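Now for the letters of each chain:
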Amino acid sequence: MSECMEVTATTLLEPKMPRSWRRASKPHKFCPGCGHGDVLKALGTAIDDLGIQDRVVFGCDIGCSLLAWDFFECDTVQAHHGRTTPVITGIKRARPDRICIAYMGDGGGYAIGAQHLVNAATRNERITVILANNTNYAMTGGQMAPTTLPGQKTETCPYGRDIEAMGNPTLGPEMVAAITKENAYVARGTMANMRQLTTMLKKALQNQIDGRGFSFVEALASCPTNWRMNAKSTWDFVEKEMPNYFKVGELKVPAPKEG
Ligand SMILES: Cc1ncc(C[n+]2csc(CCOP(=O)(O)OP(=O)(O)O)c2C)c(N)n1
Ligand code: SF4
């Protein structure tokens, strides 16, 4: 093989990563088939497209999201479980010129950190919260989370979630849309539609760039390890089961900025 052909082959084999990803920390630490990697790919692409890498402060939570502590070539902070939203709020208030992102799981956002999400949304903090909904507490071994679906089995509900005893799964974007001002951006995307998810993340970040208000994107994400599913069942669950309850789409879109 000529030198020229070798270069071409190497170029072809090189994985296509967002420029804002830190190459030295790849391959990443998530399990094979984990949705966190996809959500963070959409986020990396959104950061690239908006050209904001030098201004981003990325905050990750406890839970599997903490495995993203060295994921981006961006300033990064790691908070206690459920506390990423107030930490990122504090950074944004101190440095309004920075684009501040809080990244977490559904346990971090809708259980232990629910009060922070509600209060940051109510105050219309100019931050972007991104929440990966994988329907369980993944890092600690797959316990029931606020988002576990009716009848879904987990380590702590082995016969399936009984909504009479345990209530309905949390509809996070619906809740955030109900309590935020008109200039908030709220959406639910899915790893099953990366183009749409990337667009939602760009709109959420643009809302912050424009200084308008709170932005929130929930992303439906897989956890094949704790779901104990093979690749096909995992994909079917994300693509077909989850959206039956968690409707994908935009819930609140501010009017275009004037001028
Ligand atoms: C105050 C506190 N309580 C409990 C824990 C234990 N803990 C660590 S990760 C985790 C669950 C994380 O689940 P989630 O936030 O949904 O993220 P995922 O791992 O699913 O991405 C729990 C309960 C903790 N670290 N801190
Ligand atoms: S346990 Fe689940 S959420 Fe955590 S890294 Fe593995 S697949 Fe991803």
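Since the model is a prediction, treat every value here as computed from it, not as a measurement.

Peer 1: I tried to follow the pairing of strand β4 (residues 128-133) on my own but got confused; where do I start?
Peer 2: Successive side chains on a regular strand alternate, one facing one side of the sheet and the next facing the other. The buried fraction of β4 is high, at 6 of 6 residues. Residues Thr 128, Ile 130 and Ala 132 of β4 are buried on one face, and the alternating residues Val 129, Leu 131 and Asn 133, pointing to the opposite face, are buried as well. As paired strands, strand β3 (residues 99-105) and β4 are joined by 5 bridges and run parallel to one another. Among the inter-strand pairings, Gly 105 is bridged to a residue of β4, identified as Ala 132. In the sheet, β4 pairs with strand β8 (residues 215-220) via 6 bridges, with the strands oriented parallel. Among the inter-strand pairings, Thr 128 is bridged to a residue of β8, identified as Ser 215.

Peer 1: I'm lost on the site of ligand 1 in this one. Help?
Peer 2: Around ligand 1 there are 18 residues in total, and Gly 63, Cys 64, Gly 105, Gly 107 and Ala 138 lie nearest to it. Elements supplying a minimum of two residues to the shell around ligand 1: α4 (106-112) and β5 (136-137). Counting residues per element, the shell around ligand 1 draws most heavily on α4, at 4 residues.

Peer 1: What exactly am I supposed to notice about the nonpolar core here?
Peer 2: Here is a general trend for soluble globular proteins: nonpolar side chains tend to be buried in one another's company. Judged by nonpolar contacts, the single largest core of 51 residues is most densely connected at Val 39, Ile 101, Ile 130, Leu 201 and Ala 219. Every residue in contact with Val 39, bar those within four places of it in the chain, is listed here: Ile 130, Ala 132, Met 191, Ala 219 and Ala 221. Counting residues in hydrophobic clusters, the runner-up holds 10 residues, among them Cys 64, Ala 138, Ala 145 and Trp 227.

Peer 1: Sorry if this is basic, but what is going on with the sheet that holds β8 here?
Peer 2: Neighbouring strands of a sheet are bound in pairs by backbone hydrogen bonds; such pairs are parallel or else antiparallel. Strand order in the open sheet made by the 7 strands is β2-β1-β3-β4-β8-β7-β9, with mixed pairing throughout. Of all the strands in the sheet, the pair left with one neighbour each is β2 (75-78) and β9 (249-252). Averaged over neighbouring strand pairs, the angle between their axes works out to 20 degrees when direction is ignored. As paired elements, strand β7 (residues 185-190) and β9 share 3 bridges and run antiparallel to each other. Across the sheet, the residue bridging to Val 186 is Lys 252, located in β9. Those strands touched by helix α7 (residues 172-179) are β4, β7, β8 and β9, and its axis lies near 170 degrees from that of β7. Sitting on the sheet, helix α8 (residues 194-209) touches β3, β4, β7, β8 and β9, and the angle it makes with β7 is about 160 degrees.

Peer 1: How do you make sense of the packing of helix α3 (residues 84-94) against helix α5 (residues 114-122) when you look at a structure like this?
Peer 2: The geometry of a pair of packed helices is captured by two quantities: the angle between their axes and the separation between those axes. One can describe the packing of α3 onto α5 by two numbers: an axis separation of 8 Å at closest approach and a directional angle of 35 degrees. Across from Thr 85, Pro 86 and Thr 89 in α3, the residues of α5 making contact are His 116, Leu 117 and Ala 120. Class assignment of the residues belonging to the contact of α3 with α5 gives a composition of 3 nonpolar, 3 polar and no charged.

Peer 1: Before we go on, may I ask you to explain α3 in this structure?
Peer 2: A turn of α-helix holds 3.6 residues, and therefore any two residues three or four places apart point the same way. Along α3, the positions that sit buried rather than exposed are Thr 84, Thr 85, Pro 86, Ile 88, Thr 89 and Lys 92. For α3, the secondary structure elements touched by its buried residues are β1 (56-60), β3, α4, α5 and β4.

Peer 1: I tried to follow the environment of Gly 172 on my own but got confused; where do I start?
Peer 2: Its location among the elements puts Gly 172 in helix α7. Classification of Gly 172 as buried rests on a count of 23 C-beta atoms within 10 Å. Once you skip the residues sitting within four places of it in the chain, Gly 172 turns out to touch Gly 109, Tyr 110, Leu 131 and Glu 218.

What counts, and where the lines are drawn
Residues numbered from 1 in each chain as written. Chains lettered and ligands numbered in written order. Predicted model: local features only at pLDDT ≥ 70, side-chain atom pairs only at ≥ 80, totals over all residues. Buried ≥ 20, exposed ≤ 12 C-beta atoms within 10 Å, placed from the backbone. Helix = DSSP H or I, 4+ residues; strand = E, 2+ residues; numbered from the N terminus. Pairing = 2+ DSSP bridges. Near = placed C-beta within 6 Å. Core = buried A, V, L, I, M, F, W, Y, C linked by C-beta atoms within 7 Å. Contact = placed C-beta atoms within 7 Å. Axes fitted to C-alpha atoms, helices over the stretch in contact; angles between N-to-C directions. Nonpolar A, V, L, I, M, F, W, Y, C, P; charged D, E, K, R; others polar.

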